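Descriptive analysis of the structure
Here is how the chains run, residue by residue.
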Amino acid sequence: MSETGSTGADPDWEYQPLRLPAGVSRLSAATRLSIHAEFAGWELSRVLLYSDGTRKVWLRRRRTTPGLPSPLP
C-alpha cells in the first residue's frame, strides 16, 4: 500500500507517496489519510486518480530540524 520516500526538490517539505487500490472506498481512503494527518503530521499535497480506479496520493509535512542536545549539568 505505501511507498515511503522523503525525496523532493523542496528542502522545506518531505513527501510520502501512497497508492490506494481500486477497491478502497472514498470514506476508507479519507479515514486512512486522516490517521496519517493526526498521528504523523502529514497533510494532503496531491491526488491522482487512474482509470483503473487506483489513487496515488502524495502527503507532505514540513521538515523539522533536530534540536541541539541539552547540555550536561
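Below is a summary of the structure that appears in this document. Since we're looking at a predicted model, the values are computed, not measured.

About the thresholds
One numbering rule holds for all chains: residues counted from 1, following each sequence as written. With pLDDT at 70 or above as the cut-off, local features in this predicted model cover only qualifying residues; side-chain atom pairs require 80 or more to be listed or tallied, and sums for whole chains, interfaces and linings still use all residues. Side-chain figures throughout are based on the complete set of non-hydrogen atoms in the structure, without hydrogens or water. Buriedness of a pocket was judged along seven lines, with at least five required to meet protein on both sides within 12 Å; pockets are open sets of points on a 1 Å grid over the protein atoms alone, cavities are sets where a 1.4 Å probe fits but cannot get out, and lining residues have an atom within 4 Å of a point. Grid points are joined across faces, edges and corners, and a volume is the space filled by probe spheres set on the points. Only DSSP runs of H or I with at least four residues qualify as helices, and only runs of E with at least two residues qualify as strands; both kinds are numbered from the N terminus onward. Classification convention: Asp, Glu, Lys, Arg as charged; Ala, Val, Leu, Ile, Met, Phe, Trp, Tyr, Cys, Pro as nonpolar; all other residues, Gly among them, as polar. Any carboxyl oxygen of Asp or Glu that lies within 4 Å of a side-chain nitrogen of Lys or Arg is treated as forming a salt bridge with it. Only protein chains enter the accessibility calculation, which uses a 1.4 Å probe; a residue is then buried when its area is under 20% of its type maximum, exposed when over 50%, and partly exposed in between. For two strands to count as paired, DSSP must find a minimum of two bridges between them. N or O atoms closer than or at 3.5 Å make up a polar contact, with two conditions inside protein: a donor-capable atom paired with an acceptor-capable one, and, for residues adjacent in sequence, both atoms drawn from side chains. Should any heavy atoms of two residues lie within 4.5 Å, those residues are considered in contact.

Moving on, we get to the layout of surface pockets. Space inside the largest pocket adds up to approximately 170 Å³. Looking at the largest pocket, the residues that line it are L20, R26, A29, A30, L33, L44, V47, L49, R55 and V57. Every element with two or more residues in the lining of the largest pocket is listed here: α1 (26-40), β2 (43-49) and β3 (55-62). Among the elements that line the lining of the largest pocket, the one with the most residues is α1, at four residues. Here the lining of the largest pocket is composed, by residue class, of eight nonpolar, no polar and two charged.

Going through the model one piece at a time under the given rule, you end up with two salt bridges. Linking E14 and R61 is a salt bridge whose minimum nitrogen-to-oxygen distance equals 3.0 Å. Of this pair, E14 sits in strand β1 (residues 13-20) while R61 sits in strand β3, placing them 47 residues apart in sequence. Judged by its relative accessible area of 25%, R61 falls in the partly exposed class. R60 is paired through a salt bridge with E43; the nearest N and O atoms lie 2.8 Å apart.

Attention now goes to the pairing of β1. Most of β1 is tucked away, with seven of its eight residues classed as buried. Of the pairings in the sheet, the one linking β1 to β3 comprises eight bridges and is antiparallel in character. Note that in β3 the partner of Q16 across the bridge is L59.

A separate point is the side chain of T54. Position of T54 relative to the elements: it lies in the loop between β2 and β3. Looking at T54, its side chain comes within polar contact range of the side chain of D52, at 2.8 Å. When sequence neighbours within four positions are dropped, the list of residues in contact with T54 reads R19, L20, P21, A22, L48 and L49.

What is shown is where atoms sit, not what they do.
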